[in-house]
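Remarks on the overall topology
Residues per chain, in single letters:
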Amino acid sequence: FLTVGLYGPHSPYVAPQELFDYYYSILPEPAGLSEEDWNSMHPFEKQFLKNRGLGMETPEEIKRVRAAYYGMVEYED
């Protein structure tokens, strides 16, 4: 029986700088959550996101998290 526990890719999303820079440079700009998207959500979904401090991230924050996540995945592979 063998168990392997890997650190990533789980938050906090911290990738090696060169991998982060690479993915940051090639990722498209994310759209983020529009006000229309937010207004069309079910109230439970809105409350779920609010309770966790989610849903109002800026496109820059989304891009940085994605770049770090992709960098971590490549590093772990």
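Our structure's up above, just so we're on the same page.
Position numbers for residues start from 1 in each chain and track the written sequence from start to end. This being a predicted model, a pLDDT of at least 70 is required before a residue's local features are given, and a value of 80 or more before pairs of side-chain atoms are given or counted; all residues contribute to the totals for chains, interfaces and linings. Remark: hydrogens and water are excluded; side-chain values derive from all non-hydrogen atoms of the structure.

1. Concerning the nonpolar core
Counted only if it meets this: In plain words, nonpolar cores are sets of buried Ala, Val, Leu, Ile, Met, Phe, Trp, Tyr and Cys residues tied together by side-chain atoms within 4.5 Å. Think of it in three bands: with a 1.4 Å probe and only protein chains considered, a residue is buried below 20% of the maximum accessible area for its type, exposed above 50%, and partly exposed in between. A helix here means a DSSP run of H or I that spans at least four residues, while a strand means a run of E at least two residues long, and both kinds are numbered starting from the N terminus. Only heavy atoms matter for contacts: two residues are in contact if any of them lie within 4.5 Å across the pair.
Core analysis: the largest hydrophobic core is formed by seven residues, namely A15, F20, Y23, L27, A67, A68 and M72. Only α1 (17-26) and α4 (59-76) provide two or more residues apiece to this core. At three residues, the largest contribution of residues to this core is made by α4. When neighbours within four sequence positions are excluded, F20 is seen to be in contact with A15, R64, A67 and A68.

2. Details of the pattern of salt bridges
Operational definition: Should a side-chain nitrogen of Lys or Arg be within 4 Å of a carboxyl oxygen of Asp or Glu, the pair is scored as a salt bridge.
Scanning the model with the defined rule gives one salt bridge in all. With a shortest N-O distance of 2.8 Å, K63 and E29 are connected by a salt bridge. In this pair, K63 sits in helix α4 while E29 sits in the loop between α1 and α2 (35-40), placing the two residues 34 residues apart along the sequence. K63 sits in the buried class, given a relative accessible area of 6%. Residue E29 is classed as exposed on the basis of its relative accessible area of 56%.

3. Looking at the packing of aromatic side chains
This is how the line gets drawn: Paired rings are identified among Phe, Tyr and Trp, the last through its six-membered ring, by centres lying within 6.5 Å, and are further divided according to the angle between planes into stacked (under 30 degrees), edge-to-face (over 60) and tilted (the rest). As a reminder, the over-ring test applies to NZ of lysine and CZ of arginine, requiring each to be within 6 Å of the ring centre and within 35 degrees of the ring normal.
Summed over all chains, the structure comprises five aromatic pairs. Pairing Y13 with Y69 gives two aromatic rings, centres 5.7 Å apart and planes at 85 degrees, and the pair type is edge-to-face. Of this pair, Y13 sits in the segment before α1 while Y69 sits in helix α4, and the two are 56 residues apart along the sequence. Among the residues examined, Y13 registers a relative accessible area of 36% and is labelled partly exposed. Directly above the ring of F48 sits R52, whose terminal nitrogen or CZ lies 3.7 Å from the centroid.

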